Amino acid sequence: MTYTIIEVERKSGISSRKIRFWLDKGLFPHLYKDKNGVRYFSEKDIDWLCWVNLYRALGMSIKDIQHYKNLCDKGESTLEERLKIIQAQKAKNLAEIVNLQVAIAMLEYKEQLYIELTSKGKTKYKPRSFRECKEILDKEVRQKLNQEKEKDEK
């Protein structure tokens, strides 16, 4: 069974505009086109579309996705190179998670400070500097992550 872009949009939840953009970037080189230029997606193409959507959501560049797709097309001889691409992307995203956890911890610190100040009616306070707060929370979050990692490895 094959699907038009609009049908793929309904089926995948990915906008037809985004799909067309990725088509123009060459991320779907094997699509069937009829005599009127209408492109048709197979189930396999829709599956690849969902992977592209995930890779983009994770911040992978279109150029890297194109390279990855080209490697996939070459078959099993490129498995190790594809593994390295996926591992590099994973490492990048894990680092981003750590940075976001530190940022959230900083917001929680500020939130708790304001809750205390507003509930106790305090009007004067001496907050920590951004740098001091970040250093403290960064260290706490990284220690917590290391503990979780050690726990997972056991």
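This one's a predicted model, so the numbers in the text were calculated from it and none came from an experiment. (Residues numbered from 1 in each chain as written. Predicted model: local features only at pLDDT ≥ 70, side-chain atom pairs only at ≥ 80, totals over all residues. Heavy atoms only, no water.)

## A few points about the side chain of aspartate 45
The residue aspartate 45 is located in helix H3 (residues 43–57) in this model. It turns out aspartate 45 is buried and unbridged, and the closest side chain with the opposite charge, lysine 69, is 6.3 Å from it. For aspartate 45, the residues in contact, after removing those within four places along its chain, are Phe28, Leu31 and Tyr40. (Helix = DSSP H or I, 4+ residues; strand = E, 2+ residues; numbered from the N terminus. Buried < 20%, exposed > 50% of the residue type's maximum accessible area, 1.4 Å probe, protein only. Lys, Arg positive; Asp, Glu negative; His and termini not counted. Salt bridge = Lys/Arg side-chain N within 4 Å of Asp/Glu carboxyl O. Contact = heavy atoms within 4.5 Å.)

## Some thoughts on the packing of helix H2 (residues 16–24) against H3
Taken N-terminus to C-terminus, the directions of H2 and H3 make an angle of 90 degrees; their axes are 12 Å apart at the nearest point. By the angle class used here, H2 and H3 are roughly perpendicular. Counting all contacts with H2, which are made through Lys18, Ile19 and Trp22, the residues of H3 involved are Leu49, Val52, Asn53 and Arg56. Across the contact of H2 with H3, the residue classes break down as 4 nonpolar, 1 polar and 2 charged. (Axes fitted to C-alpha atoms, helices over the stretch in contact; angles between N-to-C directions. Parallel < 35°, antiparallel > 145°, perpendicular 65-115°, else oblique. Nonpolar A, V, L, I, M, F, W, Y, C, P; charged D, E, K, R; others polar.)

## Section: the packing of aromatic side chains
All told, the structure shown has 6 aromatic pairs when counted by the stated rule. Centre to centre, the rings of phenylalanine 28 and phenylalanine 41 are 5.8 Å apart; their planes meet at 65 degrees, and the pair counts as edge-to-face. Note that phenylalanine 28 is positioned in the loop between H2 and strand E1 (32–33) and phenylalanine 41 in the loop between strand E2 (39–40) and H3, a separation of 13 residues in sequence. We classify phenylalanine 41 as buried; its relative accessible area is 0%. Arranged with centres 6.1 Å apart and planes meeting at 35 degrees, the rings of tyrosine 32 and tyrosine 40 form a pair that is tilted. On the accessibility criterion, tyrosine 32 (53% relative accessible area) is exposed. Taking the relative accessible area as the measure of exposure, tyrosine 40 reaches 22% and is therefore partly exposed. (Phe/Tyr/Trp six-rings, centres within 6.5 Å; stacked < 30°, edge-to-face > 60°.)

## Details of the nonpolar core
By size, the foremost hydrophobic cluster in this structure holds 22 residues, and its most contacted members are Ile19, Trp22, Phe28 and Phe41. Where this core is concerned, the elements lending two or more residues are helix H1 (5–12), H2, H3 and helix H4 (62–74). Sort the elements by how many residues they give to this core and H3 lands first, with 5 residues. With near-sequence residues (within four places) excluded, phenylalanine 28 lies in contact with Trp22, Leu23, Phe41, Asp45, Trp48, Leu49 and Val52. (Core = buried A, V, L, I, M, F, W, Y, C linked by side-chain atoms within 4.5 Å.)

Geometric descriptors of this kind do not, in isolation, establish any biological role.
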